[in-house]
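Secondary and tertiary structure notes
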Amino acid sequence: MYLRRNGLVNESGKAYILVEASVGRPKDIGEIRLKTKAYLRGKRKNEDLALIDFKLLDNKSDENGLLEAIKNIFILFNTKALKTLDVNLIPDSPCSTTNLAGSDAYWVCAIRSECSVGSVGGTCRMGIDDKDSVVDTKFRVHGVKNLRIVDASVFPTTTNSYANAPTLLIAEKASREILRAHPFPIKKVSVDTTTNTTGEL
């Protein structure tokens, strides 16, 4: 979409506004597998050893959710307040060559061809049972001594927002757990106040 006025300017000199839709709690669950044969052959680079499949839009409800979000965006731009912005849709997807721009078929095609991954997590999910989790509530890896995981991968489920703030809270909690387990020795410091002759503190 673009705005004829009061917006950002793209390479063609037209002002525009970019609107994005996302699924807050996707039903899709990806998977990570390891190429054990490649490891045994001496491969050590992550990209050579990991098989990552996000399984994007495997669940039909995620696609339907994005389609509904797009429709709500158009409802928003049809309100009296936003109609004054004179917004026009610019079909910039290859899907416009085979589908009527703005139709459900067009948006489903666009969703399928342009959907990407934003904040990811849960690959080392937290839990009590080591059968369906990697770390416990203190971020310790099940069955491995002296190893903790402290990042967005421990989320049991994805968050409705960007993962930055929740990850900072995880780091804060983990630091407290680590300090409880390994407290720093507290040293008493004596202060000599007799040398202060100015009367100032």
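Note that the coordinates shown come from a computational prediction; the quantities given were computed from them, not determined experimentally. Sequence positions are assigned chain by chain, starting from 1 and proceeding in written order. Given that this is a predicted model, residues contribute local features only at a pLDDT of at least 70 and side-chain atom pairs are listed and counted only at 80 or more, while totals for whole chains, interfaces and linings are drawn from all residues. With hydrogens and water stripped out, all remaining heavy atoms of the structure feed into the side-chain values.

Digging into the pattern of salt bridges
- Each reported salt bridge corresponds to a side-chain nitrogen of Lys or Arg within 4 Å of a carboxyl oxygen of Asp or Glu. Enumeration according to the criterion identifies ten salt bridges in this entry.
- The partner of Arg112 in a salt bridge is Glu63, and the shortest N-O contact between them spans 2.6 Å. Here the residue Arg112 occupies a position in helix α5 (residues 104–114), and Glu63 occupies one in helix α3 (residues 60–77), the gap between them amounting to 49 residues.
- Burial classes: relative accessible area under 20% of the type maximum marks a residue as buried, over 50% as exposed, and values in between as partly exposed (1.4 Å probe, protein chains only). Given a relative accessible area of 44%, Arg112 falls into the partly exposed group.
- A salt bridge links Glu172 to Arg176; the nearest nitrogen and oxygen atoms lie 3.3 Å apart. With Glu172 and Arg176 both in helix α6 (residues 164–181) and four residues apart, the pair spans about one turn of that helix.
- Judged by relative accessible area, Glu172 falls into the partly exposed class, the value being 40%. Helix and strand definitions follow DSSP, with helices as H or I runs of at least four residues and strands as E runs of at least two, each counted in order from the N terminus.

Quick look at the state of the cysteines
- Whenever a pair of cysteine sulfur atoms sits within 2.5 Å, that pair is classed as a disulfide. Taken as a whole and assessed by the stated rule, the structure comprises one disulfide.
- In this model, Cys95 is linked to Cys109 through a disulfide, with the two sulfur atoms separated by 2.0 Å. Its torsion about the S-S bond being -80°, the disulfide of Cys95 and Cys109 is classed as left-handed. Separated by 14 residues along the polypeptide, Cys95 in the loop between β6 (87–88) and α5 and Cys109 in helix α5 bring together distant segments of the chain.
- Taking the relative accessible area as the measure of exposure, Cys109 reaches 26% and is therefore partly exposed.

Quick look at the environment of Thr79
- Checked against the element boundaries, Thr79 lands in the loop between α3 and α4 (80–83).
- Of note is the side chain of Thr79, whose polar atom sits 2.7 Å from the backbone oxygen of Leu76. Two N or O atoms form a polar contact when they lie within 3.5 Å of each other; inside protein one atom must be a possible hydrogen donor and the other a possible acceptor, and for residues adjacent in sequence the pair counts only when both atoms belong to side chains.

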